[in-house]
Amino acid sequence: MRNFASIPAMRRQAQAWRTEGLTIALVPTMGALHEGHAALIRTARRQADKVVASIFVNPIQFGPDEDFVRYPRDMKTDRHLCRAWGVDAVFAPAARAMYANDHSVFVEETALRRTLCGRTRPGHFRGVATVVLKLFNIVAPHTAVFGQKDFQQVAVVQRLVRDLNVPVAIVAVPTVREKDGLAISSRNARLTSEQRRIAPCLWAALQAARRLCRAKPRSSAAVGKTIRKIIRAQGAYSAVEYIETVCPRTLHPVQTVKQGTLIALAVQIGDVRLIDNLVV
Ligand code: PAF
């Protein structure tokens, strides 16, 4: 496995593969790799001849009060896992290589970011879209693989490649879960054992909402009530940031939840913010 920190060196390698006629799949990550990333890399390996995993905790997608500093970082373990999972190259640039001091160009998606996480994380999707386009320009992948847990992120990236004519196919991989249903996330490592015990209530609540809507369409309010009740029953540890029912294509809120509606939520458990979603 090759390791690159330098942008020109990564670009040379990518161009060399392309010249040989080989295809490249990129798995963009912020490190702290887990089984969810393993699934992305497995998919990437099926999609292309060469797999590049980028590891970069992107400062511009975190708000001033968010967990950029506390975000888990363990480059040694991450490289070890990438090797074991069959990654061909790790691209792990320093922040100063990615962003000049006077960096002043950003990519902004202006519609999909208005709902869900975009409401409480202003600037987040601008940071994501900017770094993703930069990574695409450096690695020149044919395909890029993202996790469906970040449903809105996938939607924003799909819109980015469509609207800016970026020749990269976006592949979304279903959320990988622990045995008790908790969506696997790097942030789970920051849960205390008590918080970890209650965290599966997010998935349990989403499933209860799905069961509710299977028999007949329900109002968004009824779905929200069902989910809140299940989460609140877990006690004072958790605070619901949002529960939204939206069209999965436009992310516009819908009043009636039926087959095909996306139910997405963000819940703060202690000081750890968790998100999850499902399509009914
Ligand atoms: O999902 C993530 O880990 C990040 O948002 C991404 C796509 C790597 C961009 O920094």
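Just above, that's the structure.
Residues numbered from 1 in each chain as written. Predicted model: local features only at pLDDT ≥ 70, side-chain atom pairs only at ≥ 80, totals over all residues. Heavy atoms only, no water.

Right, let's talk about the overall build of the chain for a bit. For the chain, the helix and strand inventory stands at ten helices and eleven strands. Computed over the C-alpha atoms, the radius of gyration of the chain is 19 Å, within 12% of the 19 Å expected from 2.2 N^0.38 for a compact globule of 280 residues. Its C-alpha atoms give the chain principal-axis dimensions of roughly 55 × 40 × 40 Å. Counting the 280 residues in the chain, one finds 51% classified as buried. Put simply, of all contacts in the chain between residues at least 6 apart along the chain, 72% involve residues at least 24 apart. Here the chain has roughly 13400 Å² of accessible surface; of this, 50% comes from carbon and sulfur atoms. (Helix = DSSP H or I, 4+ residues; strand = E, 2+ residues; numbered from the N terminus. Rg over C-alpha atoms; globule rule 2.2 N^0.38 Å. Buried < 20%, exposed > 50% of the residue type's maximum accessible area, 1.4 Å probe, protein only. Contact = heavy atoms within 4.5 Å. Areas by Shrake-Rupley, 256 points an atom, 1.4 Å probe, with all protein chains shown as cover.)

To continue, consider the sheet that holds strand 10 (residues 262-269). Hydrogen bonds between backbone groups are what pair the strands of a sheet, and the pairing can be parallel or antiparallel. Pairing is antiparallel in the open sheet, where three strands are placed in the order 8-10-11. Strands with a single pairing partner mark the edges of an open sheet, and in this sheet they are strand 8 (238-246) and strand 11 (272-279). Along the sheet, successive strands turn relative to each other by an average axial angle of 15°, direction set aside. Pairing between strand 8 and strand 10: eight bridges, direction antiparallel. Its bridge partner being in strand 10, Thr 245 is matched across the sheet by Ile 263. Helix 9 (residues 201-215) contacts strand 10 and strand 11 of the sheet and is inclined by roughly 25° relative to strand 11. (Pairing = 2+ DSSP bridges. Axes fitted to C-alpha atoms, helices over the stretch in contact; angles between N-to-C directions.)

For the rest of this paragraph, the subject is the site of the ligand. Around the ligand sit Pro 28, Thr 29, Met 30, Asn 58, Gln 61, Val 128, Val 131, Phe 146, Asp 150 and Gln 153, and that is every residue in its neighbourhood. Taking Gln 61, its side chain carries an N or O atom lying 2.6 Å from an oxygen atom of the ligand. With the chains in place, 89% of the 290 Å² that the ligand exposes on its own is no longer accessible. Those elements that place two or more of their residues in the shell around the ligand are strand 2 (24-29) and helix 6 (124-139). When grouped by side-chain class, the residues that make up the shell around the ligand number five nonpolar, four polar and one charged. (Near = heavy atom within 4 Å. Polar contact = N/O pair within 3.5 Å; in protein donor to acceptor, adjacent residues only side chain to side chain. Nonpolar A, V, L, I, M, F, W, Y, C, P; charged D, E, K, R; others polar.)

Bringing the state of the cysteines into the picture now. A full pass over the atoms with the stated rule returns zero disulfides. Take Cys 117: it sits in no disulfide, and the sulfur closest to it among the cysteines is that of Cys 201, at 17 Å. Lacking any disulfide linkage, Cys 213 is separated from the closest cysteine sulfur, that of Cys 247, by 15 Å. (Disulfide = S-S within 2.5 Å.)

Overall, parallel pairing links the six strands, which are arranged 1-4-3-2-5-6 in an open sheet. The open sheet has two edge strands with one neighbour each: strand 1 (2-4) and strand 6 (169-173). This sheet shows a mean twist of 25° between the axes of neighbouring strands, independent of strand direction. As judged from the two bridges shared by strand 2 and strand 5 (residues 143-147), these two strands associate in the parallel manner. Within strand 5, the residue paired with Ala 25 across the bridge is Thr 143. Along the sheet face, helix 2 (residues 35-47) touches strand 2, strand 3 (50-55), strand 5 and strand 6 and points at about 155° away from the line of strand 5.

So, about the packing of helix 9 against helix 10 (residues 220-232). Packing of helix 9 against helix 10 leaves a shortest axis separation of 9 Å and a crossing angle of 145°. Note that helix 9 runs across helix 10; the crossing there is right-handed. Along the contact surface, helix 9 presents Cys 201, Ala 204, Ala 205, Leu 206, Ala 208, Ala 209, Leu 212 and Cys 213, while helix 10 presents Ala 222, Val 223, Thr 226, Ile 227, Ile 230 and Ile 231. Grouping the constituent residues of the contact of helix 9 with helix 10 by class yields 13 nonpolar, one polar and no charged. (Left-handed = near helix turned anticlockwise from the far one by under 90°.)

As a further point, take the packing of aromatic side chains. Applying the stated rule across the entire model yields three aromatic pairs. Aromatic pair Phe 56 and Tyr 99: ring centres 6.2 Å apart, planes at 40°, arrangement tilted. Taken together, the residues Phe 56 in the loop between strand 3 and helix 3 (75-84) and Tyr 99 in the loop between helix 4 (95-98) and helix 5 (117-120) connect sequence positions 43 residues apart. The same class applies to Phe 56 and to Tyr 99, which are both buried. (Phe/Tyr/Trp six-rings, centres within 6.5 Å; stacked < 30°, edge-to-face > 60°.)

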